[in-house]
Every structure is written in C-alpha cells, then in structure tokens.
Amino acid sequence: MSFVSGIINYKKDEEHLNKFEKCAGNLNNYLFDGTETVKDNDLYLLKHFVVHRKEDQNKKHILYDSDTNNYFLINGRIDNIRQLRKELKIESNDVFVSDVDLLRIGFKVKGKKFLNSLNGSFVIIIFNKISKKLICCSDHIRSKPLYYHLSENYFIFSNEISLISRFITHKLKVNKARVRDHLITLYGEKNETFYEDIYKLNRSEIIEVNHKKITRENYFSLNPYQVSKFSSQEECANAFEEIFNEVIQDQIYGLERVGSKLSGGVDSSGITSLIAK
C-alpha cells in the first residue's frame, strides 16, 4: 500500500507545513518500503511507497522537471507503458521506465492531454512551482481515492482521509446530507464525503487548483448505446482475446515473478492461465 499527500501554502505560514508534517507522521503506522519528501518554499509533497519492481528501488518517486518547473508524483501504476514508449519514441537501454518518469516525459511533450492516454490504476499529482497550479487526476474507475480540502490559506490532499481530518480537526463537521443519502440509497453527490469541506476526486476526473480556484473536467465516460459491429461471434471472440492478452501483458510488464489467487471462476482462471503461458 502506498500513499501520496501534500499541501500548498498560499500564505507564508510555516505553521501549516509543520502541522502537515506532524499529521502525516501518523501514516508511518502502515508498512512501507520507504518515504520520499519534497519541501520547496510553500509546497510540501510526500510519498510513502511500497516497491513492486526491482527497478523502482533506485529511482526517485517525486520528480522535478526544470524545463517546465513541474513536480510529478503518482500513486499506483500505469499499465500501457509499452504503447506509450512507442508513441513518445522513448529510446532507453532500460527495459523498464518508471511510471513517474514516463509521466514527466509525456506531460512535457503533450501537456495535460497526455493524461487522457493513460491506462492503469493511479492517482496523479502535478504541481508547477512558478504558477502554483496543481493538477490532480484519477484513473477511469477511481481505484485509488484522493481526498482534498481547500481553505483561504492552503490546499491539502491525501489518499488517506484521516490525515486531512486530523489537520482540520478544529473545524471538522459531519456532512449530515451525505449520511442521509447513505442511509437511504448508499450513494451521495459524487465528490462529497462524510465530512463537510472534505471532497474526493471522482473517477475519470481531472481537477486544477489555481490560486484557490478549483476547475473540474471528466476525460472519459462509457457510452452504453455504442454497439460494436462484429460480423460473427468468432470475430468478437478474437477481438476480445487480443485485448485480453494485451491487458495482461501490460499489467505484468517489468515484473519477474507474479502470483495469483484463484476464486475458481472463469475470470481468475483465464488470467492465471494466460500468465502461466
């Protein structure tokens, strides 16, 4: 399990950064391989990480690009690395390019549009130290949560909502409307949490935080009315097999040893069988 967290301080108040560091210290109760931090003027970025690939052990988890003045941070994984390396014409002797380095290169070439090209399970953070603009991006199904709180003096975010609730404990209030919706339908407004003024990133969503103003956009949505036109069941099955193979190969890319847990159903059995081949 990995976590990303951070705070942007809009007023030069060292107390906010110190308080954030103290609250983030409670995350050390979890088991991690390491922690990486960046403290740059009014910015504090934090990554608690677990290493899944040997190549990750010696690579940085928070990257700074001096050409664009952007910091890059990702929690999770990008699956379509092979495809993106071809599109970006990345020529490297390394078999594996880290996810955050791939993000840095792609964003430098294509800007925010590059985020639309990513497949995987991730939360992405990009911060420009000159403009102080922050970009947060969630994957297509929001497999990893990201919570955030905006005040007059700072913007704070984390995969772990308890970090934010501890930070604003003096003004923490239960969101009664969300509790009511949960009791009646289990669902509420897509960005709401059980706390007032703590929100969560929605699936397929990109938010930009620019000088205390938040703008949102959705980069993907399923079209239930789109019908694939196959001439036969065999053609459909072959198309599915091609996609199935590609997805599995992408997800095990860069891993020397892979374990699987079978439920006995056709999904896990098919995946395990393909990996074994």
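Basis of the calculations
Positions within a chain are numbered from 1, following the residues in the order the chain's sequence is written. Predicted model: local features are reported for residues with pLDDT of at least 70 only, side-chain atom pairs are reported and counted for 80 or more only, and whole-chain, interface and lining totals are derived from all residues. Heavy atoms from the whole structure form the basis of all side-chain values; hydrogens and water molecules are not counted. For two strands to be treated as a pair, DSSP must find no fewer than two bridges joining them. The helix and strand labels rest on DSSP assignments: H or I over at least four residues marks a helix, E over at least two residues marks a strand, and numbering proceeds from the N terminus. Structural elements are reduced to axes, namely lines fitted to C-alpha atoms, with helices fitted over the stretch in contact, and the angle between N-to-C directions of any two is expressed from 0 to 180 degrees. Exposure is judged per residue with a 1.4 Å probe applied to protein chains only, and the accessible area is read against the type maximum: over 50% gives exposed, under 20% gives buried, and values in between give partly exposed. We define a polar contact as two N or O atoms separated by no more than 3.5 Å, with the added condition that, inside protein, one atom must be a possible hydrogen donor and the other a possible acceptor, whereas residues neighbouring each other in sequence contribute only through side-chain atom pairs. Stacked, tilted and edge-to-face are the three classes assigned to paired rings of Phe, Tyr and Trp, where Trp is represented by its six-membered ring and a pair needs centres within 6.5 Å; plane angles under 30 degrees give stacked, over 60 edge-to-face, the rest tilted. Note on criteria: charge over ring means Lys NZ or Arg CZ within 6 Å of the ring centre, with the direction from the centre no more than 35 degrees off the ring normal. Take a side-chain nitrogen of Lys or Arg and a carboxyl oxygen of Asp or Glu: if they are within 4 Å of each other, that pair is a salt bridge.

Draft legend 1. Representation of the sheet that holds strand β10 (residues 199-200) within the structure. One open sheet holds the six strands; their spatial order is β2-β3-β1-β9-β8-β10, and the pairing between them is antiparallel. The sheet is open, and its two edges are formed by β2 (34-40) and β10, each paired on a single side.

Draft legend 2. View of unusual backbone geometry. Not every positive phi belongs to a glycine, and Asn 69 is a case in point at roughly 60°. Structurally, Asn 69 is set in the loop between β4 (62-65) and β5 (70-78).

Draft legend 3. Looking closely at the environment of Leu 201. Mapped onto the secondary structure, Leu 201 falls in the loop between β10 and β11 (205-210). Along the backbone, Leu 201 and Asn 159 are 42 residues apart, and their C-alpha atoms lie at a distance of 10.0 Å.

Draft legend 4. Molecular detail of the sheet that holds β4. Reading across the sheet, the six strands line up as β4-β5-β6-β7-β11-β12 and stay open at both edges, with antiparallel pairing between neighbours. A strand with exactly one partner marks an edge of an open sheet, and here the two such strands are β4 and β12 (213-218). Each strand axis lies, on average, 15° off the axis of its neighbour in the sheet, ignoring direction.

Draft legend 5. Broad picture of the environment of Gln 249. Looking at the secondary structure, you find Gln 249 in helix α6 (residues 233-251). Assessed through its relative accessible area of 39%, Gln 249 is described here as partly exposed. In this structure, the C-alpha to C-alpha distance between Gln 249 and Asp 79, residues 170 residues apart in sequence, is 8.8 Å. Among the polar contacts listed, one links the side chain of Gln 249 to the side chain of Arg 82, at a separation of 3.3 Å.

Draft legend 6. Spotlight on the packing of aromatic side chains. By the definition in use, this model includes nine aromatic pairs. Relative to Phe 32, the ring of Phe 3 has its centre 5.7 Å away and its plane inclined at 70°; by these criteria the two rings are edge-to-face. Placement of the pair is Phe 3 in strand β1 (residues 3-9) and Phe 32 in the loop between α1 (14-24) and β2, with a sequence separation of 29 residues. With respect to class, Phe 3 is no different from Phe 32; both count as buried. When the centroid spacing of 5.0 Å and the interplanar angle of 80° are considered together, the rings of Tyr 154 and Phe 167 count as edge-to-face. Here Tyr 154, found in strand β9 (residues 154-158), pairs with Phe 167, found in helix α4 (residues 161-167); they are 13 residues apart in sequence, far enough to count as distant. For the pair shown, Tyr 154 and Phe 167 are each scored as buried. Through a chain of ring-to-ring contacts, three or more aromatic side chains come together here, namely Tyr 148, Phe 155, Phe 157 and Tyr 199. Here Lys 19 stacks its cationic end above the ring of Phe 167, 5.0 Å away from the centre of that ring.

Draft legend 7. Summary view of the pairing of β1. Along β1, seven of the seven residues are buried, which leaves the element largely enclosed by surrounding structure. Of the two faces of β1, the one lined by Phe 3, Ser 5, Ile 7 and Asn 9 and the one lined by Val 4, Gly 6 and Ile 8 are each fully buried. Relative to strand β3 (residues 43-49), β1 is paired through six bridges, and the arrangement is antiparallel. Within β3, the position partnered with Gly 6 by the bridge is Leu 45.

Draft legend 8. Structural view of the pattern of salt bridges. Scanning the entire structure with this criterion turns up 16 salt bridges. Between Glu 14 and Lys 39 there is a salt bridge, and its shortest N-O distance comes to 3.7 Å. In this pair, Glu 14 is assigned in helix α1 and Lys 39 in strand β2, connecting sequence segments 25 residues apart. We classify Glu 14 as partly exposed; its relative accessible area is 46%. The structure contains a network of salt bridges with shared partners spanning Asp 65, Asp 67, Asp 101, Arg 104 and Lys 108.

Draft legend 9. Up close: the side chain of Asp 99. Assignment of secondary structure puts Asp 99 in helix α3 (residues 99-110). Judged by relative accessible area, Asp 99 falls into the buried class, the value being 9%. A polar side-chain atom of Asp 99 sits 3.3 Å from the main-chain amide nitrogen of Ile 78.

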